[in-house]
Amino acid sequence: MKATLYTEVGGPEVFQFIDVADPEPGAGDVIVDVAATSLNRLDLVQRAGWFQMPGFEFPHIAGMDIAGTVSAVGDAVTNVSVGDRVVVDPSLAGVAENSKLAGRGDLYGDLGIIGGTVAGGYAEKCLVPASHVYLVPAAMPLEHAATFPTAFLTAAHALFDVGQLQAGETVMIHAAGSGVSTAGIQLAKQAGATVLATAGTDEKCERALALGADYVANNRTTDVAGFAREVTHGAGVNMVFDHVGTALFGPSLFGLGVHGRLVSCGNSSGDEATIPSLGYLFHSGIKILGSDPYRPEEFGPVWDMFCGAGFEVVIDSEFGLADAGQAHDKMMQSDFFGKIVLKP
């Protein structure tokens, strides 16, 4: 099969589009012929060498978010058949012992990830535990399904499991043009929250409004804390959903009202942050919550909701598998809104 991989860290030029051996399933595995895989920031971070997951090895085939068609099944597989259209849960938590990918499920340690620590979707075929594939409705394009896994599970887990967002509350969501935030905006609205979205350009702000955000602000030209206070008539928002990190940490904190929650699930602008006022933190009862990895049992219910709730699929652009470097360039420049998809 053809695959795009790399054997050393560096820029997009380290990608090699080459022939590699087809994967073979274990008893509890399936082989998915990849129809589409969508990019995530971890793809860029690991390729550049800024951070790598425990268990990462060279050569590496990236691609966490995969949809395609089952082309082979292991001897013990009963839940799916050859020809089924599926989306893949990339987390390797909860994998059965009869899978070749078993033993990598420590949520708080050596957590395996398809496309993160083992071969992923930048290829024509991918080895996947049978327990980690979910049927795609006949009417749904496979490239739409490929936008779902990391973005929607990260957002749903952070908003509801960690942050306990409730109907009637206000939530401020940063980086509105990212895949996880386009998911977060829609999930929060569907749950009955009022959504304040921020982004780095006016164009992205306008698109966030079209996606369902109630209020928007350019976070490079606007006082983000002031924006949150103005919209809430001085009270502050109930929650901030943040994966930007350093750049917006202080304004996020001051944008929260009494008993507000700052839920962090990423650090795209840096890994260090300063609490600008401990007094404000403790006097207002502010909570800073880290959003940990989602659990295997969360994937199915969120997938069912995605299939049935009419969420808008936001695909910015599509590239061929051989053009993964160009796709990475686009993501590095933040020149996108939603998801970037590779199609073999």
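Our subject is the structure that appears above.
Residues numbered from 1 in each chain as written. Predicted model: local features only at pLDDT ≥ 70, side-chain atom pairs only at ≥ 80, totals over all residues. Heavy atoms only, no water.

> Quick rundown of the overall build of the chain? Include the residues and the values.
Per the secondary structure count, the chain includes 10 helices and 15 strands. Over its C-alpha trace the chain gives a radius of gyration of 20 Å, about what one expects of a compact globule, namely 20 Å for 344 residues. A principal-axis box enclosing the C-alpha atoms of the chain has dimensions of 60 × 40 × 35 Å. Here the chain holds 344 residues, and 54% of them are scored as buried. The positive charge centre, built from 18 side chains, and the negative charge centre, built from 39, are 4 Å apart in the chain. (Helix = DSSP H or I, 4+ residues; strand = E, 2+ residues; numbered from the N terminus. Rg over C-alpha atoms; globule rule 2.2 N^0.38 Å. Buried < 20%, exposed > 50% of the residue type's maximum accessible area, 1.4 Å probe, protein only. Lys, Arg positive; Asp, Glu negative; His and termini not counted. Charge placed at Lys NZ, Arg CZ, Asp CG, Glu CD.)

> Provide a residue-level description of the nonpolar core, including the pertinent values.
In this structure, Phe 152, Val 171 and Trp 303 are the most contacted members of the largest nonpolar core, which totals 43 residues. Looking at this core, the elements with two or more residues in it are helix 2 (142–145), helix 3 (149–162), strand 8 (170–173), helix 4 (179–190), strand 9 (194–199), helix 5 (202–211), strand 11 (237–242) and helix 9 (296–308). The biggest single contributor to this core is helix 3, with eight residues. If we ignore the near neighbours within four places in the chain, the residues touching Trp 303 are Val 87, Tyr 134, Leu 135, Val 136, Pro 137, Met 140, Ala 145 and Phe 148. Residues Val 14, Leu 44, Ala 123 and Phe 336 belong to the second largest nonpolar core, which totals 21 residues. (Core = buried A, V, L, I, M, F, W, Y, C linked by side-chain atoms within 4.5 Å. Contact = heavy atoms within 4.5 Å.)

> Now, about the side chain of Glu 169: what can you tell me, with residues and values included?
As for its position among the elements, Glu 169 is in the loop between helix 3 and strand 8. The class of Glu 169 is buried, set by a relative accessible area of 15%. Polar side-chain contacts of Glu 169 include one of 2.9 Å to the backbone nitrogen of Gln 166. Once residues within four sequence positions are removed from consideration, Glu 169 is found in contact with Gln 164, Ala 193, Thr 194, Asn 238 and Arg 261. (Polar contact = N/O pair within 3.5 Å; in protein donor to acceptor, adjacent residues only side chain to side chain.)

> Report on the packing of aromatic side chains, specifying residues and quantitative values.
Using the criterion set out here, one finds 15 aromatic pairs in the structure. Sitting over the ring of Phe 17, Lys 2 keeps its end group 5.4 Å from the ring centre. (Phe/Tyr/Trp six-rings, centres within 6.5 Å; stacked < 30°, edge-to-face > 60°. Lys NZ or Arg CZ within 6 Å of the ring centre and 35° of its normal.)

> If you had to explain the pattern of salt bridges to someone new, which residues and values would you point to?
Tallied over the full model, the rule gives 12 salt bridges. Residue Arg 261 pairs with Glu 169 through a salt bridge whose shortest N-O separation is 2.9 Å. Remark: Glu 169 occurs in the loop between helix 3 and strand 8 and Arg 261 occurs in strand 12 (residues 256–264); sequence separation between them is 92 residues. A salt bridge links Asp 214 to Lys 189; the shortest N-O distance between them is 3.0 Å. With a gap of 25 residues between them, Asp 214 in the loop between helix 5 and strand 10 (215–218) and Lys 189 in helix 4 connect regions that are remote in the sequence. Looking at Asp 214, the relative accessible area reads 31%, which means it is partly exposed. (Salt bridge = Lys/Arg side-chain N within 4 Å of Asp/Glu carboxyl O.)

> Explain the packing of helix 1 (residues 41–48) against helix 10 (residues 324–332) to me, and be specific about the residues and the numbers.
Between helix 1 and helix 10, whose axes approach to 10 Å, the crossing angle comes to 105 degrees. Taken together, helix 1 and helix 10 sit at an angle that is classed as roughly perpendicular. Contact residues: helix 1 offers Arg 41, Asp 43, Leu 44 and Arg 47, while helix 10 offers His 328, Met 331 and Met 332. Grouping the constituent residues of the contact of helix 1 with helix 10 by class yields three nonpolar, one polar and three charged. (Axes fitted to C-alpha atoms, helices over the stretch in contact; angles between N-to-C directions. Parallel < 35°, antiparallel > 145°, perpendicular 65-115°, else oblique. Nonpolar A, V, L, I, M, F, W, Y, C, P; charged D, E, K, R; others polar.)

> If you had to explain helix 9 to someone new, which residues and values would you point to?
If you check which residues of helix 9 are buried, you get Glu 298, Phe 299, Gly 300, Val 302, Trp 303 and Phe 306. Where the residues of helix 9 are buried, they touch strand 5 (85–88), strand 7 (133–135), helix 2 and helix 3. Of the residues one or two after helix 9, Gly 310 is the one with positive phi, at around 70 degrees.

> A description of the sheet that holds strand 9 should follow, citing residues and the corresponding values.
Across the sheet, six strands lie side by side as 10-9-8-11-12-13; this open sheet has parallel pairing. The open sheet has two edge strands, strand 10 and strand 13 (287–290), and neither has a second partner. Geometrically, the sheet is characterised by an average inter-axis angle of 20 degrees between neighbouring strands, direction not taken into account. Set on the sheet, helix 4 makes contact with strand 8, strand 9 and strand 11; between it and strand 8 the angle comes to about 170 degrees. (Pairing = 2+ DSSP bridges.)

> Kindly report on the environment of Phe 51, identifying the contributing residues and their values.
Mapped onto the elements of the fold, Phe 51 is located in the loop between helix 1 and strand 4 (65–73). Once residues within four sequence positions are removed from consideration, Phe 51 is found in contact with Leu 42, Val 45 and Gln 46.

> With reference to specific residues and values, describe unusual backbone geometry.
Following Phe 58, the chain continues into Pro 59 via a peptide bond in cis, with omega recorded as -10 degrees. Within the secondary structure, Pro 59 is located in the loop between helix 1 and strand 4. You will see that His 233, though not glycine, has its phi angle at about 55 degrees, which is positive. Relative to the helices and strands, His 233 is located in the loop between helix 6 (224–231) and strand 11. Classification of His 233 by relative accessible area gives exposed; the value is 78%.

Geometry only, nothing functional implied.
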